[in-house]
Amino acid sequence: MSNILDYLDWRGDICMADAPFNEVDNLLLSELSYVALDGILSGLEEDVWITVKEAGKIFFSRHNKEEIYEDRSLMAKAPFVLEKMAKVKRFQDLRLSCYVNQIDEEEEKQFSALVVECQDTTYFVAFRGTDDTLVGWKEDFNMSYISAVPSQLEAVSYLEQVAKKVKGRLRLGGHSKGGNLAVYAAVKCKKEVQDRIIEIYNNDGPGFSKEMLSSREYGRIRERIWTIVPQTSIVGMLLEHEEEYLVTKSSQSGIMQHDPLSWEVLGPKFVYLDELKKNSRILDLTLKNWINKMTREQREEFVMALFHVLYETGARNLSELSEDKLGNFGALIKTAKAVKHMTAEDQEMLIKVIRGLIKAYKDVVKEEYFPECLKAQGERKGIRKK
């Protein structure tokens, strides 16, 4: 089946003035946020814009394809999406700016975003999802017990600064944690900024606490939020999703469905299904039931113990975790101070989460799947009707 790269072949020669912005465009611009554009795009302080075509040319003048192929991080395929977007009429002349990329281990914050000026006089604010860093993953887990993690607060500040720099209507979007940040920023920003927002896209990103979903702020913007998850969503069903969501078909299985290049596309839309697969619903309920039994203090203790063990291996990125480094994680768990007061059940769950996290990462970047994605060129139904 076709994916977002095939969409570029089909729709790439038609600009947005002739064919309006659609949900597939959203995913492509969200994927663009994963490209490391440090030193290529200007930040919030400057008013310098360059086109997608120019950004692609500069990026590939600094990075050869062999180097990119060797990258086994979760962001590794994004440059090839940029390369193809830079060659088609629909995207090559879109202008980019306001790029930020912040990694702060002490603050436990991983935040990155950019702004795209579209041909329909709107601006797309793209928030990056979780990258390869352990600090980025820890911030995700912190969402289970902290009402607002640093990247969420940063997303609000970033959006409000962008709104001062550009005139016109806004769309927000992101994949994985980036989708969560897009929604959070739209909900928490000033009303004058919120009134300029047309749509918010949460592409398989985690949900929010019940308090957030029942808030008056969330209610004001709820109808403009589009939550899209693959049929076996794992990441996107974490925390609460009381809003309606659309279920898109994926060509992959399990955790690999989180990869945007696996989402099936038909024309300007995704291919939709009526519901999540049973195993995703069971996993969703299992995680929620386990998390809901814990107090905030217990959740914090669990997350601290998990990342204490991972950091003790000496790794700072998921791609650095090897079998050798993980070989003694059982012993690390037993000796870790953060674990001593945990119940036997929680210690067992800790081991399962670590094993699952590493397996999930390996599944995403395994040898036989990764090259296949890079070579890909290629009546709507869902739980929510758009």
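Up top you'll find the structure we're talking about.
For clarity, every value in this text was computed on a predicted model and none was experimentally measured.

K.L.:
Lay out the side chain of Gln-110 with the relevant residues and their values.
P.N.:
Looking at the secondary structure, you find Gln-110 in strand β3 (residues 109-117). A distance of 3.1 Å separates a polar side-chain atom of Gln-110 from the backbone oxygen of Gly-129.

K.L.:
Hey, could you go over helix α8 (residues 150-165) for me, with residue numbers and the actual values?
P.N.:
The end-to-end C-alpha distance of α8, which contains 16 residues, comes to 23 Å, matching closely the 22 Å that a straight helix rising 1.5 Å per residue would cover. The complete set of buried residues in α8 reads Pro-150, Ser-151, Gln-152, Ala-155, Val-156, Tyr-158, Leu-159, Glu-160, Val-162 and Ala-163.

K.L.:
Quick rundown of unusual backbone geometry? Include the residues and the values.
P.N.:
Glycine aside, residues mostly have negative phi angles, and peptide bonds mostly take the trans form. Backbone geometry at Glu-108 places phi at a positive 55°, although glycine is not the residue there. By the element assignment, Glu-108 lies in the loop between β2 (95-104) and β3. Overall, the relative accessible area of 23% leaves Glu-108 in the partly exposed class. You will see that Asp-204, though not glycine, has its phi angle at about 55°, which is positive. Here Asp-204 is to be found in the loop between β6 (197-203) and α11 (210-213). The class for Asp-204 is buried, based on a relative accessible area of 1%.

K.L.:
How would you explain the packing of aromatic side chains if you had to name every residue and give the values?
P.N.:
Counted by the stated rule, this structure contains eleven aromatic pairs. Considering the side-chain rings of Tyr-7 and Trp-10, the 6.0 Å spacing of their centres and the 50° angle between planes classify their relative orientation as tilted. Taken as a pair, Tyr-7 and Trp-10 lie in helix α1 (residues 4-11) at a separation of three residues, close to a single helical turn. Classification of Tyr-7 by relative accessible area gives buried; the value is 2%. By relative accessible area, Trp-10 is classed as partly exposed at 43%. Geometrically, the ring pair formed by Phe-59 and Phe-60 is edge-to-face, given 5.3 Å between the ring centres and 75° between the ring planes. Relative accessible area serves as the criterion here: at 5%, Phe-59 is assigned to the buried category.

K.L.:
Go over helix α5 (residues 78-85), please, and point to the residues and values.
P.N.:
Most of α5 sits out of view: eight of its eight residues are buried. Here α5 has its buried residues at Ala-78, Pro-79, Phe-80, Val-81, Leu-82, Glu-83, Lys-84 and Met-85.

K.L.:
Can you explain the nonpolar core? Please cite residues and give values.
P.N.:
Counting residues in hydrophobic clusters, the biggest one holds 46 residues, and the most contacted among them are Leu-28, Leu-29, Leu-37, Met-85 and Phe-91. Apart from the residues within four sequence positions on either side, Leu-28 is in contact with Ile-4, Tyr-7, Leu-8, Val-81, Met-85 and Phe-91. Judged by nonpolar contacts, the second largest core, of 37 residues, contains Trp-49, Ala-182, Val-187 and Leu-213.

K.L.:
Can you lay out the environment of Asp-120 for me, pointing to particular residues and giving the numbers?
P.N.:
With respect to the helices, strands and loops of the structure, Asp-120 is situated in the loop between β3 and β4 (123-127). By relative accessible area, which is 19% here, Asp-120 ends up buried. Separated by 101 residues in the primary sequence, Asp-120 and Ala-19 place their C-alpha atoms 9.8 Å from one another.

K.L.:
How would you sum up the pattern of salt bridges? Please name residues and give values.
P.N.:
Under the defined criterion, the tally for this structure stands at eleven salt bridges. The residue Lys-77 makes a salt bridge to Asp-259 at a minimum N-O spacing of 2.9 Å. With Lys-77 in the loop between α4 (65-70) and α5 and Asp-259 in the loop between β8 (245-248) and β9 (265-266), the pair connects residues that are 182 residues apart, well separated along the chain. For the residue pair Lys-77 and Asp-259, the accessibility class agrees, reading buried in each case. With its nearest N and O atoms 3.3 Å apart, the salt bridge here joins Arg-171 to Asp-120. Taken as a pair, Arg-171 in strand β5 (residues 170-175) and Asp-120 in the loop between β3 and β4 lie far apart in primary sequence, 51 residues in all. Neither Arg-171 nor Asp-120 differs from the other in exposure class; each is buried. Ionic contacts of the salt-bridge type, sharing partners, join the residues Glu-107, Lys-109 and Glu-154 into one network.

K.L.:
So, the sheet that holds β4: which residues are in play, and what are the values?
P.N.:
With mixed pairing, nine strands are arranged side by side in an open sheet as β1-β2-β3-β4-β5-β6-β7-β8-β11. The two strands at the open ends of the sheet, each matched to only one other strand, are β1 (50-51) and β11 (272-273). In this structure, β8 lies alongside β11, joined through two bridges in antiparallel fashion. What sits directly across from Val-247, in β11, is Leu-273.

K.L.:
Please give an account of the pairing of β2 that cites residues and values.
P.N.:
A regular strand places its side chains on the two faces of the sheet in alternate fashion. Of the pairings in the sheet, the one linking β1 to β2 comprises two bridges and is antiparallel in character. Residue pairing in the sheet places Ile-50 in a bridge with Leu-96 of β2. Alignment of β2 against β3, held across eight bridges, turns out to be antiparallel. Note that in β3 the partner of Asn-101 across the bridge is Ser-112.

Thresholds applied
Residue numbers run consecutively from 1 along every chain, following the written order of its sequence. Restriction of local features to residues with pLDDT of at least 70 applies here, the model being predicted, together with a cutoff of 80 or more for giving and counting side-chain atom pairs; totals for whole chains, interfaces and linings are based on all residues. The basis for every side-chain value is the complete set of heavy atoms in the structure, and neither hydrogens nor water enter the calculation. Put simply, DSSP H or I for four residues or longer makes a helix, DSSP E for two residues or longer makes a strand, and each gets a number counted from the N terminus. We call two N or O atoms a polar contact when they sit within 3.5 Å, provided that within protein one can donate a hydrogen and the other can accept it, with sequence-adjacent residues counted only if both atoms are side-chain atoms. By definition here, a helix of n residues has an expected span of 1.5 Å times n minus one. Think of it in three bands: with a 1.4 Å probe and only protein chains considered, a residue is buried below 20% of the maximum accessible area for its type, exposed above 50%, and partly exposed in between. Aromatic rings from Phe, Tyr and Trp, with only the six-membered ring used for Trp, were paired whenever their centres fell within 6.5 Å, and each pair was classed as stacked if the ring planes differed by under 30 degrees, edge-to-face if by over 60, and tilted otherwise. Remark: nonpolar core denotes a set of buried residues (Ala, Val, Leu, Ile, Met, Phe, Trp, Tyr, Cys) joined through side-chain atoms within 4.5 Å. In this analysis, two residues are considered to be in contact whenever any of their non-hydrogen atoms come within 4.5 Å of each other. Any Lys or Arg side-chain nitrogen located within 4 Å of an Asp or Glu carboxyl oxygen qualifies as a salt bridge. Paired strands are those between which DSSP finds at least two bridges.

Note that all results are geometric; they support no functional claim without further evidence.
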